[in-house]
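In case you want the letters, here they are:
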Amino acid sequence: FRDDDDINDVASMAGVNLNEESARIMATNSDLVGAQMQSCKDEPFLAAIPLHKRILEMAKKLGITDVPAEVVTFISHATQSRLRTVIEKVTVITQHRMESYKDDEWYEQATDVRSQLKFFEQLERLEKQRKDEQEREILLKAAKSRSRQEDPEQARLKQKAKEMQQQELAQMRQRDANLTALAAIGPRKKRKLDAPGLLTIGGEGVGLCGGGQAGLGTGSPRQYPRQKITRVNLRDFIFYMEQEREMSHSLLLYRALLK
């Protein structure tokens, strides 16, 4: 029995029932009550024996003869953490490189280098075609001329015109032979598959899912989600090393730039 005038009972004054709160806490964490927690085994990321030998070889140069196992474990974990950080940063760089802003309404295309290069290539092709036509006309005129004077330059032009005509005739024959072979083969028929990503082996369907698992069974029209793959190239690593203060002037960066 509690007196209603007890000013020390703060919970009662606030309208909180401790028994109900305790029951709620026990119901919420019921799966943890009575469970025994223990730490998992510390497994090193790198092979301990080769790493220990490598550390001893480097330590002997500095006059250190004994390296405890804790140092090897610590270096292994540090390597794992460093490698995880590098992979995360390079992955972000690759994703930024693969982003496309063509369909984004907040971006407007200012220049198109690919179209400019195609335009210049077309101009060069037309110029080369014009020069070839001029040279062909000169050779044809030289071949048709019947001058009695023995001019070595005229003889050279006639010989070149003859070779050009033979080359054009050979190309026409090769083109006709290719067209005849294609007509004899007929149109190529595309192989029909029951579902995308389904490989048929011996009359049975092997379905490939995004996680790399394969299941045997009949072909079904079900489409499996394809896992997105991030491909990192050497340029991404070079960009990462250029941004890092420790690696911006390293020998590894210079070797990567020379490749």
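Shown above is the structure to which this text applies.
Residues numbered from 1 in each chain as written. Predicted model: local features only at pLDDT ≥ 70, side-chain atom pairs only at ≥ 80, totals over all residues. Heavy atoms only, no water.

### Some words on the overall build of the protein
Alright, step 1. If you tally the helices and strands in the protein, you get 8 helices and 3 strands.
Alright, step 2. Counting helices and strands in the order they occur from the N terminus, the protein gives α-α-α-α-α-α-β-β-β-α-α.
Alright, step 3. Across the 259 residues of the protein, 12% fall into the buried class.
Alright, step 4. Taking all contacts inside the protein whose residues are at least 6 apart in sequence as the whole, residues at least 24 apart take part in 42%.
Alright, step 5. A total of about 24000 Å² of accessible surface is found on the protein, and carbon and sulfur atoms cover 55% of it. (Helix = DSSP H or I, 4+ residues; strand = E, 2+ residues; numbered from the N terminus. Buried < 20%, exposed > 50% of the residue type's maximum accessible area, 1.4 Å probe, protein only. Contact = heavy atoms within 4.5 Å. Areas by Shrake-Rupley, 256 points an atom, 1.4 Å probe, with all protein chains shown as cover.)

### Quick word on the nonpolar core
Side chains of nonpolar character tend, in soluble globular proteins, to be buried together.
Alright, step 1. Residues Val86, Val90, Ile93, Ile238, Tyr240, Met241, Met247, Leu253 and Ala256 constitute the largest nonpolar core, which totals 9 residues.
Alright, step 2. Elements represented by at least two residues in this core include exactly helix H4 (69-98), helix H7 (234-243) and helix H8 (251-258).
Alright, step 3. The residues contacting methionine 247, other than those within four sequence positions of it, are Arg82, Tyr240, Met241, Leu252 and Leu253. (Core = buried A, V, L, I, M, F, W, Y, C linked by side-chain atoms within 4.5 Å.)

### Structural notes on the packing of helix H5 (residues 113-144) against helix H6 (residues 152-185)
Alright, step 1. Look at H5 against H6: their axes get within 8 Å of each other, and the N-to-C directions meet at 115 degrees. For the element pair H5 / H6, the angle class is roughly perpendicular. Relative to H6, H5 is oriented so that their crossing is left-handed. For the pair H5 and H6, contact is made by Glu135, Arg136, Leu139, Leu140, Ala142 and Ala143 and by Gln154, Leu157, Lys158, Lys160, Ala161, Met164, Gln165 and Glu168, respectively.
Alright, step 2. Looking at the contact of H5 with H6, its residues break down into 7 nonpolar, 2 polar and 5 charged. (Axes fitted to C-alpha atoms, helices over the stretch in contact; angles between N-to-C directions. Parallel < 35°, antiparallel > 145°, perpendicular 65-115°, else oblique. Left-handed = near helix turned anticlockwise from the far one by under 90°. Nonpolar A, V, L, I, M, F, W, Y, C, P; charged D, E, K, R; others polar.)

### Quick notes on the side chain of serine 76
Alright, step 1. Summarising the element assignment, serine 76 is placed in helix H4.
Alright, step 2. Its relative accessible area of 1% is what places serine 76 among the buried residues.

### Details of the packing of H7 against H8
Alright, step 1. With their axes 10 Å apart at the nearest point, H7 and H8 run at an angle of 145 degrees to one another. Note on packing geometry: the crossing formed by H7 with H8 is left-handed. For the pair H7 and H8, contact is made by Leu234, Ile238, Met241 and Glu242 and by Leu252, Leu253, Ala256 and Leu257, respectively.
Alright, step 2. Looking at the contact of H7 with H8 residue by residue, the class counts come to 7 nonpolar, no polar and 1 charged.

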